[in-house]
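Close look at the chain arrangement
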Amino acid sequence: LAWRSSYLGLVGPSEHEFFHHPLAAIIVVSCTEEDPIARAKDLYSPLAPPPSLAAQSYIDPNVTCHYVVLCPSPAHQQRAEAVFKTMKKEFGSNACHALRVYCKENGSAGSMERDDRARLKNFV
């Protein structure tokens, strides 16, 4: 193991070895969270690359983040809009998105109509 670390220290990494580096992060928080903005900040805290790799500029430490606020039901619509406005102020309007996900109930909980199933098959 000592020879491997010595060899890698002398040779150094090449650019093609860093294809597994993240290019972006998508942070999704629900508007039902107690403090969604703090939760979004907790979910992503960038790790600093090792100094030798950062000096060679193979890794860009500035990973693009997109923040999504999730609204699970129409009852939470006003809260979701307020969180979305705050999120845009905190992280920038270009990096923030809102997503409404409502479950359609037809008689029993979680059942889907025939049309919904047909549309879903197109995406699977």
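Cut-offs used in this document
- Residues numbered from 1 in each chain as written.
- Predicted model: local features only at pLDDT ≥ 70, side-chain atom pairs only at ≥ 80, totals over all residues.
- Heavy atoms only, no water.
- Pairing = 2+ DSSP bridges.
- Helix = DSSP H or I, 4+ residues; strand = E, 2+ residues; numbered from the N terminus.
- Axes fitted to C-alpha atoms, helices over the stretch in contact; angles between N-to-C directions.
- Contact = heavy atoms within 4.5 Å.
- Right-handed = clockwise from strand over helix to strand, strands pointing away.

Okay, the sheet that holds strand 1 (residues 24-30) next. Strand order in the open sheet made by the three strands is 1-2-3, with parallel pairing throughout. The open sheet is flanked by strand 1 and strand 3 (96-100), the only strands paired with a single partner. Direction aside, neighbouring strands of the sheet carry axes that sit 25° apart on average. Where strand 1 and strand 2 (residues 64-71) come together, seven bridges link them in parallel fashion. Within strand 2, the residue paired with Val28 across the bridge is Val68. Across the face of the sheet, helix 4 (residues 77-91) comes into contact with strand 1, strand 2 and strand 3 while running at roughly 165° to strand 2.

Quick look at the pairing of strand 2 now. Where strand 2 and strand 3 come together, five bridges link them in parallel fashion. Paired with Val69 across the bridge in strand 3 is Ala98. Crossover strand 2 to strand 3 through helix 4 is right-handed.

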